[in-house]
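Chain residues, written in single-letter form:
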Amino acid sequence: MKKKLISVLLTLAVAGTMLAGCGSSKADDTKSEADSSTEKKDITIGVRADMVNQYAAVEDKLKELGYNVQSKVFDDSVQPDVALAEGSIDCNWYQHEPYLKSYNEKNGTNLVMVEPKTFYPLFAMYSDKWDSVDELPDGATIGLCNDATNQARGLHLLESQGLITLDDSVESPTMYDVKENPHNFKFIEAEMSVLPQSIKDVDAICLAAGHMVNAGLSADGYLCQSDDNDTFAVGFAVRAEDKDAQWIKDIAEAVQCDELAEYFKTEKQGTQIPCWE
């Protein structure tokens, strides 16, 4: 009798443990489903200081999405990616994919671009002294961007005009990878947003045309322009885990609007070309 009682008690204990386990599993499943169905509502978008007006042009459109969207402004082209990688912002909106890939490679980050992208920036050579590429004298000083991607783009622009030859074994060449320099050009480098300030001190500068407008200078009358605008389309960047999130898809699509197209046409003087037109 005693043995039978012990056996019954053990059976009940095991059954109780199994029921508790099943209850826990069900609760966990319910919690997981609740988490996956929860949509992100508070979103901080990082923008560079020279793009504040661009954000303002679409701010009302973003608020209509039902998210609590706000911007955070940065003074350079590096800190928005630092902040995104650290998680202090949810996305940023200022760069093209080659620049982002270069940043990832240098910093061991895994930031990704989101589709659809927003606009193609015109990239060109400007001069305050000369009216054509042919007029550039031997020994001319050329201003280039100091970030790897845009410096390489400027050098490829010079090469496309037959002015220099680059080491074709280098994927992203710098001024030190100029293989042939028959005109003995000298090169200086500066942050792209401040490069226009040096235009009176050099013979020419190579940069995204929008920075000329930002500096209060004309974006017309460039000596030549790059033919790789599609490759350098600007869009939103997020951390890899957010690349398929609905909130960033909604935002990327919402900014493709008439208000932003009009901003590009007027304030940016046509130096930024909408991807959707």
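Residues numbered from 1 in each chain as written. Predicted model: local features only at pLDDT ≥ 70, side-chain atom pairs only at ≥ 80, totals over all residues. Heavy atoms only, no water.

Undergrad: Would you mind showing me how to read the overall build of the chain here?
TA: When helices and strands are tallied, the chain shows 8 helices and 14 strands. Contacts in the chain between residues far apart in sequence, at least 24 positions, make up 72% of those at least 6 positions apart. For the chain, the exposed surface amounts to about 14600 Å²; the carbon and sulfur share of it is 49%. (Helix = DSSP H or I, 4+ residues; strand = E, 2+ residues; numbered from the N terminus. Contact = heavy atoms within 4.5 Å. Areas by Shrake-Rupley, 256 points an atom, 1.4 Å probe, with all protein chains shown as cover.)

Undergrad: Help me understand unusual backbone geometry, please; the structure alone is not making it clear to me.
TA: Keep in mind that most residues, glycine aside, have a negative phi and that most peptide bonds are trans. A cis amide bond, omega 0°, links E115 with the succeeding residue P116. Within the secondary structure, P116 is located in the loop between β4 (111-113) and β5 (119-121). Positive phi, close to 55°, is recorded for N184, a residue that is not glycine. Assignment of secondary structure puts N184 in the loop between β9 (178-180) and β10 (186-190). Taking the relative accessible area as the measure of exposure, N184 reaches 53% and is therefore exposed. In this structure, Q269 is a non-glycine residue whose phi angle is positive, near 55°. Tracing the sequence through the fold places Q269 in the loop between α8 (258-266) and β14 (272-274). On the basis of relative accessibility, which here comes to 39%, the residue Q269 falls in the partly exposed class. (Buried < 20%, exposed > 50% of the residue type's maximum accessible area, 1.4 Å probe, protein only.)

Undergrad: Help me out: how do you make sense of the nonpolar core in this one?
TA: Note on soluble globular proteins: their nonpolar side chains tend to be buried together. Formed by 37 residues in total, the largest nonpolar core has its most connected members in M125, Y126, I142, L158 and F187. Among the elements of the structure, β6 (123-126), β7 (141-145), α5 (148-160), β10, β11 (204-208) and α6 (210-214) are those that each provide at least two residues to this core. It is β11 that provides the largest number of residues to this core, a total of 5 residues. If we skip the residues at most four places from it in the chain, I142 touches L158, F185, K186, F187, I188, A204 and C206. (Core = buried A, V, L, I, M, F, W, Y, C linked by side-chain atoms within 4.5 Å.)

Undergrad: Quick question: what am I supposed to make of the environment of R48 here?
TA: Along the chain, R48 falls in strand β1 (residues 42-48). Note: C-alpha distance between R48 and P80 (32 residues apart in sequence) is 7.4 Å. Apart from the residues lying within four places of it in its own chain, the contact partners of R48 are V73, F74, D76, S77, Y94 and H211. Here the side chain of R48 touches D50 through a polar contact of 2.8 Å, side chain to side chain. (Polar contact = N/O pair within 3.5 Å; in protein donor to acceptor, adjacent residues only side chain to side chain.)

Undergrad: Explanation requested: the packing of helix α4 (residues 97-107) against α5 in the structure shown.
TA: Between two packed helices, both the angle of their axes relative to each other and the distance between the axes serve to describe the pair. As a packed pair, α4 and α5 sit with axes 8 Å apart at the nearest point and diverge in direction by 130°. Put simply, α4 runs oblique to α5. Listed contacts from α5 to P98, Y99, S102 and K106 of α4 are A148, T149 and N150. (Axes fitted to C-alpha atoms, helices over the stretch in contact; angles between N-to-C directions. Parallel < 35°, antiparallel > 145°, perpendicular 65-115°, else oblique.)

Undergrad: How do you make sense of the pairing of β11 when you look at a structure like this?
TA: Looking along a regular strand, one sees the side chains alternate between the two faces of the sheet. The element β11 is extensively covered by neighbouring structure, given that 5 of its 5 residues are classed as buried. With 4 bridges connecting them, β6 and β11 associate as antiparallel partners. Across the sheet, residue M125 finds its bridge partner in β11, namely C206. Alignment of β7 against β11, held across 2 bridges, turns out to be parallel. By the bridge assignment, I142 is partnered in β11 with A204. (Pairing = 2+ DSSP bridges.)

Undergrad: Sorry, what's going on with the packing of helix α2 (residues 52-63) against α8 here?
TA: Contact geometry for α2 and α8: axes closest at 9 Å, N-to-C directions at 160°. One way to sum up the angle between α2 and α8 is to call them roughly antiparallel. Between α2 and α8 lies a crossing of right-handed hand. Residues N53, Q54, A57, V58 and K61 of α2 form the contact with α8, whose own contacting residues are E259, L260, Y263 and F264. Residue classes in the contact of α2 with α8 are distributed as 5 nonpolar, 2 polar and 2 charged. (Left-handed = near helix turned anticlockwise from the far one by under 90°. Nonpolar A, V, L, I, M, F, W, Y, C, P; charged D, E, K, R; others polar.)

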